[in-house]
Amino acid sequence: MYFDSFADFIAMGGHGLYVWLAYSIALAVVIFNVLTPILRKKQFMVEYQRRLKREQRLGEVNKAESPE
Amino acid sequence: MGKLLPWFAVVTVLLLTCGVIWGLAFAPEDYQQGNSFRIIYIHVPSAILAQSCYMLMAIAGAISLIWKMKVADMVAKSCAPIGASLAVLALATGAIWGKPTWGTWWVWDARLTSMLILLFLYIGVYTLHSAIENEITAGKAGAVLSLVGMVNIPIIKYSVEWWNTLHQGSTFTVTERPKMEPEMWIPLLIMVLGFYCFFSVVLMLRTRIEILQRERRSGWVRELVEAR
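Remember, it's a predicted structure, so these values are computed and weren't measured experimentally.

1. What about the packing of aromatic side chains?
- All told, the structure shown has seven aromatic pairs over all chains when counted by the stated rule.
- With 5.8 Å between their ring centres and 65° between their planes, Phe37 of chain B and Tyr41 of chain B make a pair best called edge-to-face.
- You can call Phe37 of chain B buried: its relative accessible area is 2%.
- Assessed through its relative accessible area of 0%, Tyr41 of chain B is described here as buried.
- Sitting over the ring of Tyr48 of chain A, Arg51 of chain A keeps its end group 4.9 Å from the ring centre.
- Against the face of Tyr158 of chain B rests Lys157 of chain B, its NZ or CZ located 5.2 Å from the ring centre.

Given below as structure tokens:
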């Protein structure tokens, strides 16, 4: 470990604000890139399942109405 | 692609964790810049990746233009937002690093300006892809813009040699050993590799959902949704 104490590590020799700001932006970019495709997939699945259910319901109604 | 993804994800997490801990806590400080130089471990990888991602986007765009390959177009489309976020990261970390080192957040010099143009190119390609309703037209427009923007890539690379600039030269070159100590550049190399793996993971994730959306009318997508 390069630093003597944890407080030294946080302070980064007076440059703590710059270093930690840069690393938090990096973390935000990582989270953004991982989360957006996952959320998009979830949304796609929910919408698709809703459509399937609606189609199923419509199919049943049509069957009940048509005299056979 | 689906089987490779978890492996890439594991390797990404390992490389990035190792690189960040090494870079932040174990690498020695720079004798001139002190600890602010630790920003290098995200600045350099994100800048390299922003450019690699652009080249991939342009090549994929060219493939989709010439051979009409649908997957290539989807890859190109997925590259745009990832690349934009990497360009933002490179610019932001550069500005944060510039403040204690050069005394300013921003200068209009060649390297910084060409990198800003790269970000605008990404935003342009992304906008074309999402604003044009017809997928084929959107793909063509995005591909043409990304190919035209390729001229910017060598400009970024050689900007520090062609013009006087505040920005320092490259850390890594193919022919020479890095001028830094190994304790400094080995974690940097790990971070660059980690960013490449990270990029492939998120690109795969994005391309997969893009395929699902475009193939939503085909039978296999229906089966996939029903199976859940």
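2. What about the confidence of the model for chain B?
All names here are of chain B.
- Per-chain confidence: chain B averages 89 in pLDDT, with 98% of residues scoring 70 or above.
- Looking across chain B, the model is least confident in helix 8 (residues 219-227), with a mean pLDDT of 84, and most confident in helix 2 (residues 40-67), with 95.
- The complex prediction reports pTM at 0.89, with the ipTM value standing at 0.87.

3. Description of unusual backbone geometry
Residues and elements named next belong to chain B.
- Phi is positive for Lys68, which is not a glycine, with a value near 55°.
- As for its position among the elements, Lys68 is in the loop between helix 2 and helix 3 (70-102).
- On the accessibility criterion, Lys68 (58% relative accessible area) is exposed.

4. A look at the pattern of salt bridges
- Across all of its chains, the model carries nine salt bridges over all chains by this definition.
- The closest approach of N and O atoms between Arg222 of chain B and Glu55 of chain A, which form a salt bridge, is 3.6 Å. Placement of the pair is Arg222 of chain B in helix 8 and Glu55 of chain A in helix 2 (residues 16-65), with the two residues belonging to separate chains.
- Residue Arg222 of chain B is classed as partly exposed on the basis of its relative accessible area, which comes to 33%.
- Of the charged contacts, one joins Glu135 of chain B and Arg214 of chain B as a salt bridge, the two residues approaching to 4.0 Å between their closest N and O atoms. A residue pair is termed long-range when its members are at least 10 positions apart, and Glu135 of chain B in helix 5 (residues 135-148) and Arg214 of chain B in helix 7 (residues 182-214) qualify at 79 residues.
- Using a relative accessible area of 14% as the deciding quantity, one classes Arg214 of chain B as buried.

Calculation notes
- Residues numbered from 1 in each chain as written.
- Chains lettered and ligands numbered in written order.
- Predicted model: local features only at pLDDT ≥ 70, side-chain atom pairs only at ≥ 80, totals over all residues.
- Heavy atoms only, no water.
- Phe/Tyr/Trp six-rings, centres within 6.5 Å; stacked < 30°, edge-to-face > 60°.
- Buried < 20%, exposed > 50% of the residue type's maximum accessible area, 1.4 Å probe, protein only.
- Lys NZ or Arg CZ within 6 Å of the ring centre and 35° of its normal.
- pLDDT = per-residue confidence, 0-100.
- Helix = DSSP H or I, 4+ residues; strand = E, 2+ residues; numbered from the N terminus.
- Salt bridge = Lys/Arg side-chain N within 4 Å of Asp/Glu carboxyl O.

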